[in-house]
Amino acid sequence: MKRRVAIRRLGLCHYEPIWRQMQAFTRFRDAATEDQIWLLQHHPVFTRGTGCRALPRPSPAPIAGTSGDIPVIHTDRGGHITYHGPGQLIAYLLLDIKRRRQGVKSLVNQIEQAVIDLLEACGLPASRRPGAPGVYLRQAKIAALGLRIKRGCCFHGLSLNVDMDLRPYQRIDPCGYPGLALTQMSRHISPVDIGEVEGALARRLLEQFG
């Protein structure tokens, strides 16, 4: 069932205030609250999901060539540890999936499909990988997913690597997979404009949900 979805384009934001706003939006929404998709980028941050709870919590190891300390935030989304930074496009989906009569598997499939459709429109043959949520390009991960479902509503969402510094990923096991290969759109398309990608992703997500 498709319903009205509001798109919010928020620019470059610190992670924790946005996370707290998502929690509050979900906590206080009611049956009449419209669904929203927030599009933004984050200042550099590592986030750990609920899949890390049973694991030790060391800080990501430093590597040569990176500057400054990158904060680590223990969040409530699903999944393991990942990195966010400028040049990576974030889409947070604040949807009432109970009202939409939608299951989590269907939700994940639609999010992945929006990214796949966007990349294929750019001539990039993207695909899923069984048992490993996200979108892959030539065996390298280009988009990651992490969701939280509460009272029949979801928040958090996806990150798409567009044109960013990938070196901080070397400090972690991305998404809990040691040695996972990562890529971004700028390695395959030149030039790439993240503002144009943001608009294209908004349209693809609305095709799926709006």
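In case you missed it, the structure is sitting above this.
None of the values given here were measured: they were computed from a predicted structure.

Rules behind the numbers
- Residues numbered from 1 in each chain as written.
- Predicted model: local features only at pLDDT ≥ 70, side-chain atom pairs only at ≥ 80, totals over all residues.
- Heavy atoms only, no water.
- Helix = DSSP H or I, 4+ residues; strand = E, 2+ residues; numbered from the N terminus.
- Rg over C-alpha atoms; globule rule 2.2 N^0.38 Å.
- Buried < 20%, exposed > 50% of the residue type's maximum accessible area, 1.4 Å probe, protein only.
- Contact = heavy atoms within 4.5 Å.
- Lys, Arg positive; Asp, Glu negative; His and termini not counted.
- Charge placed at Lys NZ, Arg CZ, Asp CG, Glu CD.
- Salt bridge = Lys/Arg side-chain N within 4 Å of Asp/Glu carboxyl O.
- Pairing = 2+ DSSP bridges.
- Axes fitted to C-alpha atoms, helices over the stretch in contact; angles between N-to-C directions.

## Some remarks on the overall build of the chain
Okay, so step 1: Across its full length, the chain holds three helices and 10 strands.
Okay, so step 2: When its helices and strands are written in sequence order, the chain yields β-α-β-β-β-β-β-α-β-β-β-β-α.
Okay, so step 3: Against the 2.2 N^0.38 benchmark of 17 Å for 210 residues, the chain shows a C-alpha radius of gyration of 16 Å, consistent with a compact globule.
Okay, so step 4: For the chain, the C-alpha atoms occupy an extent of roughly 50 × 40 × 30 Å along the three principal directions.
Okay, so step 5: For the chain, the residues scored as buried account for 53% of the 210 residues in total.
Okay, so step 6: For the chain, the proportion of contacts with a sequence separation of at least 24, taken over those separated by at least 6, is 78%.
Okay, so step 7: Computed over 29 positive and 17 negative side-chain charges, the inter-centroid distance for the chain is 7 Å.

## Let's talk about the pattern of salt bridges
Okay, so step 1: By the definition in use, this model includes nine salt bridges.
Okay, so step 2: With a shortest N-O distance of 2.8 Å, Glu112 and Arg128 are connected by a salt bridge. Of the two residues, Glu112 sits in helix α2 (residues 104–121) while Arg128 sits in the loop between β7 (126–127) and β8 (135–137), which places them 16 residues apart along the sequence.
Okay, so step 3: Overall, the relative accessible area of 32% leaves Arg128 in the partly exposed class.
Okay, so step 4: Measuring nitrogen to oxygen at the nearest pair gives 3.0 Å for the salt bridge that ties Arg167 to Asp165.

## As for the environment of Asp165
Okay, so step 1: Here Asp165 shows up in the loop between β10 (153–161) and α3 (194–209).
Okay, so step 2: Its relative accessible area of 33% is what places Asp165 among the partly exposed residues.
Okay, so step 3: Along the chain, Asp165 and Gln184 lie 19 residues apart, while their C-alpha atoms are 9.6 Å from each other.

## Section: the pairing of strand β9 (residues 140–150)
Okay, so step 1: Counting buried residues along β9, eight of its 11 residues qualify, which places the element largely inside the surrounding structure.
Okay, so step 2: Connecting the antiparallel pair β8 and β9 is a turn made up of two residues, with Arg138 showing a positive phi of about 50°.
Okay, so step 3: Bridging between β9 and β10 involves eight bridges; their strand directions are antiparallel. In the strand pairing of β10, Leu147 is matched with His156.
Okay, so step 4: Connecting β9 to the next strand, β10, in antiparallel fashion are two residues, including Arg151 with a positive phi near 55°.

## Notes on the sheet that holds strand β4 (residues 72–74)
Okay, so step 1: One open sheet accounts for three strands, arranged β4-β3-β5; its pairing is mixed. Whereas interior strands pair on both sides, the edge strands pair on one side only; in this sheet they are β4 and β5 (81–84). Neighbour-to-neighbour, the strand axes of the sheet open up by a mean angle of 25°, direction not taken into account.
Okay, so step 2: When strand β3 (residues 45–48) meets β5, the two strands line up antiparallel, connected through four bridges. Residue pairing in the sheet places Val45 in a bridge with His84 of β5.
Okay, so step 3: Running over the sheet, helix α1 (residues 15–28) touches β3, β4 and β5 and is turned about 15° from β4.

## Thoughts on unusual backbone geometry
Okay, so step 1: Note the cis peptide between Ser190 and Pro191, where omega equals -5°.
Okay, so step 2: Assignment of secondary structure puts Pro191 in the loop between β10 and α3.
Okay, so step 3: The residue Arg101 is not glycine, and still its phi comes out positive at about 55°.
Okay, so step 4: Among the structural elements, Arg101 can be located in the loop between β6 (88–96) and α2.
Okay, so step 5: Using a relative accessible area of 74% as the deciding quantity, one classes Arg101 as exposed.
Okay, so step 6: Here Arg151, not a glycine, exhibits a phi torsion of approximately 55°, which is positive.

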